[in-house]
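Okay, here's what each chain looks like letter by letter:
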Amino acid sequence: MLFYSTRTSSLKANLEEAVFRSLPSDNGLYMPEFIPTLPQEFLETIENRTFNEIATEVAFALLGDDIPRLDLENIVSGAFTFEAPVAQITPDNFVLELFHGPSMAFKDFGARFMAALMSYFLTRSNKELKILVATSGDTGGAVAQGFYKVPGISVTILYPSGKVSEIQEKQLTTLGHNITALEVAGSFDDCQWLVKEAFLDSELTERFNLASANSINIARLIPQSFYYFAAYAQVKKMGKPVVFSVPSGNFGNLSAGILAYKMGLPVHHFIASTNANNVVPRYLTSNSYTPLPSIETISNAMDVGNPSNFVRLTKLFDEDWEKIREKVSGYYFTDDETQESMRQIFSETNYVMCPHTAVAYNGLQKYRKDSGEDFIGIFLATAHPAKFLDLVEKTLDSSIYIPERLENLLSLEKISIPINVDFDAFKAYLLG
Ligand SMILES: *Cc1c(COP(=O)(O)O)cnc(C)c1O
């Protein structure tokens, strides 16, 4: 598979280059040159397969020219040591739980597959790698876990000071070894900007072998398509159309869902659910894309004012706004509405949702009402509620279950390096 740049379609890279470069030299984003469709037989019998069998099949369709099937199987089984179960909440509403990995957020899927893929290529080339990653909360933890103690790789994580939860911060700042956390006096967009600048700085790129682990890396996007197939497999027997509601920030997750659809997954409709950072929902109703500074909300992993995967979303539909609008609806919600549905679902069913998940639930309900259609709705649970312990317990006025893995973290000491939003300072730090 070759990957083209969204800015210059003739600028192409093979898989290994695309994974290690992250960004093409024209600062576009890599996209697969063509999108293969999966065999009908695979989709017809998908319910008989395990998650890893499904993941291998989808990965093989996309990357089978670059990596032998047996190696892909090993990469998949090394990355996905946890499940993506679908749970029924009400007769037609299902939740796809993507928080059973080590960092307890869905970003484990992308980060671990990317880490496995990079290690696969590295062991064949003996390269040393410096990974830079900006995080709004969950990426950092997933990437840190994915690369922890991987030989030949060091990871520098930039996170916005005071804007991630205590548990998220501990996940970034307590591992040590090859993982360093920079605490940035700014927003997530500032962190993202610092990382982007580093990749454009020739002194840094000449001195180090830099790679990005943000959702712009194609190796993170591809594995996120796997769980859409696996979710479909779990509800297929009900024989109704399937609608996915995706809580969105940088829109990697939704883009991966559309990729799955383009590969042949029968999805009736997608819902782009956001908080007050509603650039994409507004684009879907107005056909005008206006990035804005990010606004702080309680679903802070989605506080993104200029979503980095927006271009991919449009490319997947050949930049045809009518086609996008036909397949994707956008809704946005206030923090009050988010907390209201967290309380409602908890009191009616005892199910505890994190605020991001609740945004997706709200999107599903609104679309159900607006469309009047009969379908199986699957909303994506992107993080375990205990990652946002204070907020969730205050909202529900109840104490919630904390997995042991998260509880142990709280007693560890945070080690971070404070920096300002100042590229020269960041560069000086990297140059040591
Ligand atoms: C990153 C994240 C999101 C947003 O996902 P995108 O792929 O950036 O749209 C939603 N929820 C949680 C918990 C996240 O960590």
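Keep in mind it's a predicted model, so treat the numbers as computed, not measured. (Residues numbered from 1 in each chain as written. Predicted model: local features only at pLDDT ≥ 70, side-chain atom pairs only at ≥ 80, totals over all residues. Heavy atoms only, no water.)

## Points about the pairing of strand 4 (residues 86–90)
Two elements, strand 4 and strand 5 (residues 93–97), share 4 bridges in a ladder whose sense is antiparallel. Each residue of the ladder has a partner; that of threonine 90, found in strand 5, is asparagine 93. Counting the residues that bridge the hairpin from strand 4 to strand 5 gives 2 residues. (Pairing = 2+ DSSP bridges. Helix = DSSP H or I, 4+ residues; strand = E, 2+ residues; numbered from the N terminus.)

## So, the side chain of threonine 156
As for its position among the elements, threonine 156 is in strand 7 (residues 153–160). A relative accessible area of 3% means that threonine 156 is categorised as buried. Those residues within four positions of threonine 156 in sequence are excluded, and the remaining contacts are Ile131, Leu132, Val133, Thr180, Leu182, Tyr429 and Leu430. (Buried < 20%, exposed > 50% of the residue type's maximum accessible area, 1.4 Å probe, protein only. Contact = heavy atoms within 4.5 Å.)

## Details of the UniProt feature "modified residue: N6-(pyridoxal phosphate)lysine" (unreviewed entry) in the protein
The residues that UniProt annotates with the feature "modified residue: N6-(pyridoxal phosphate)lysine" (unreviewed entry) are Lys107. Assignment of secondary structure puts lysine 107 in helix 5 (residues 107–123). The exposure class assigned to lysine 107 is buried, which follows from its relative accessible area of 10%. Those residues within four positions of lysine 107 in sequence are excluded, and the remaining contacts are Asp138, Thr139, Ala142 and Arg220. (UniProt positions renumbered as here; feature names shortened; annotations may be inferred.)

## Digging into the site of the ligand
What surrounds the ligand is a group of 15 residues, the closest being Lys107, Asp138, Gly249, Asn250 and Thr382. Here an oxygen atom of the ligand sits 2.8 Å away from a polar atom, N or O, in the main chain of glycine 249. Here an oxygen atom of the ligand sits 2.8 Å away from a polar atom, N or O, in the main chain of asparagine 250. Contact with the protein chains removes 98% of the 380 Å² of surface that the ligand exposes when unbound. (Near = heavy atom within 4 Å. Polar contact = N/O pair within 3.5 Å; in protein donor to acceptor, adjacent residues only side chain to side chain. Areas by Shrake-Rupley, 256 points an atom, 1.4 Å probe, with all protein chains shown as cover.)

## Points about the sheet that holds strand 4
Sheet architecture is open: 6 strands sit in the order 4-5-13-10-11-12, paired in mixed fashion. Edge positions in the sheet fall to strand 4 and strand 12 (328–332), since each of these pairs with one other strand and no more. On average, each strand axis in the sheet is tilted by 25 degrees relative to the strand beside it, whichever way the strands run. With 5 bridges connecting them, strand 11 (residues 269–274) and strand 12 associate as parallel partners. Counterpart to phenylalanine 270 in the pairing with strand 12 is valine 328. Sitting on the sheet, helix 13 (residues 279–286) touches strand 11 and strand 12, and the angle it makes with strand 12 is about 130 degrees. (Axes fitted to C-alpha atoms, helices over the stretch in contact; angles between N-to-C directions.)

## Quick word on the packing of helix 5 against helix 6 (residues 138–147)
Where helix 5 meets helix 6, the axes come as close as 8 Å, and the angle between the chain directions of the two elements is 35 degrees. Once helix 5 is placed against helix 6, the crossing between them reads as right-handed. In this structure, helix 5 uses Lys107, Asp108, Ala111, Arg112, Met114, Ala115 and Met118 to contact helix 6, whose residues at the interface are Asp138, Thr139, Ala142, Val143, Gln145, Gly146 and Phe147. Along the lines of polarity and charge, the residues of the contact of helix 5 with helix 6 split into 7 nonpolar, 3 polar and 4 charged. (Left-handed = near helix turned anticlockwise from the far one by under 90°. Nonpolar A, V, L, I, M, F, W, Y, C, P; charged D, E, K, R; others polar.)

## Observations concerning the sheet that holds strand 1 (residues 2–5)
Reading across the sheet, the 3 strands line up as 2-1-3 and stay open at both edges, with antiparallel pairing between neighbours. Edge positions in the sheet fall to strand 2 (12–14) and strand 3 (30–32), since each of these pairs with one other strand and no more. Neighbour-to-neighbour, the strand axes of this sheet turn through a mean angle of 40 degrees, independent of strand direction.

## Let's talk about the pairing of strand 5
When you tally the buried positions in strand 5, you get 5 out of 5 residues, the bulk of the element. Residues Asn93, Val95 and Glu97 of strand 5 are buried on one face, and the alternating residues Phe94 and Leu96, pointing to the opposite face, are buried as well. Here 5 bridges tie strand 5 to strand 13 (residues 376–381), and the two strands are oriented parallel to one another. Bridge pairing in strand 13 links valine 95 to phenylalanine 379.

## A word on the pattern of salt bridges
In this structure the tally under the stated criterion is 14 salt bridges. Note that glutamate 47 is salt-bridged to lysine 236, the shortest N-O span being 2.8 Å. Of the two residues, glutamate 47 is situated in the loop between helix 2 (40–44) and helix 3 (51–63) and lysine 236 in the loop between helix 11 (226–235) and strand 10 (242–247); the sequence distance between them amounts to 189 residues. Judged by its relative accessible area of 39%, glutamate 47 falls in the partly exposed class. Between lysine 240 and aspartate 374 there is a salt bridge; the shortest N-O distance is 3.1 Å. Of the two residues, lysine 240 sits in the loop between helix 11 and strand 10 while aspartate 374 sits in the loop between helix 17 (355–371) and strand 13, which places them 134 residues apart along the sequence. (Salt bridge = Lys/Arg side-chain N within 4 Å of Asp/Glu carboxyl O.)

## What to know about the side chain of lysine 130
In this fold, lysine 130 is placed in strand 6 (residues 129–134). Salt bridges are absent for the buried lysine 130, whose nearest opposite-charge side chain, glutamate 128, sits at 8.7 Å. (Lys, Arg positive; Asp, Glu negative; His and termini not counted.)

## What to know about the environment of valine 279
Tracing the sequence through the fold places valine 279 in helix 13. With a relative accessible area of 3%, valine 279 lands in the buried category. Taking the C-alpha atoms as reference points, valine 279 and threonine 290, separated by 11 residues in sequence, lie 6.3 Å from one another. When near neighbours in sequence (up to four residues on either side) are disregarded, valine 279 contacts Tyr289, Thr290, Pro291, Leu292, Gly305 and Pro307.

## A closer look at the environment of serine 245
For serine 245, the location among the structural elements is in strand 10. For serine 245, a relative accessible area of 0% corresponds to the buried category. Sequence separation between serine 245 and serine 255 is 10 residues; the distance between their C-alpha atoms is 12 Å. Setting aside its immediate chain neighbours within four residues, serine 245 contacts Ile271, Ser273, Ala360, Gly363, Leu364, Ile378, Phe379 and Leu380. Engagement of the side chain of serine 245 in a polar contact is seen with the backbone oxygen of alanine 360, the distance being 2.7 Å.

## Quick word on helix 7 (residues 166–173)
Across the 8 residues that make up helix 7, a large majority, 7, are buried. Every buried residue of helix 7 is listed here: Ile167, Gln168, Glu169, Lys170, Gln171, Leu172 and Thr173.

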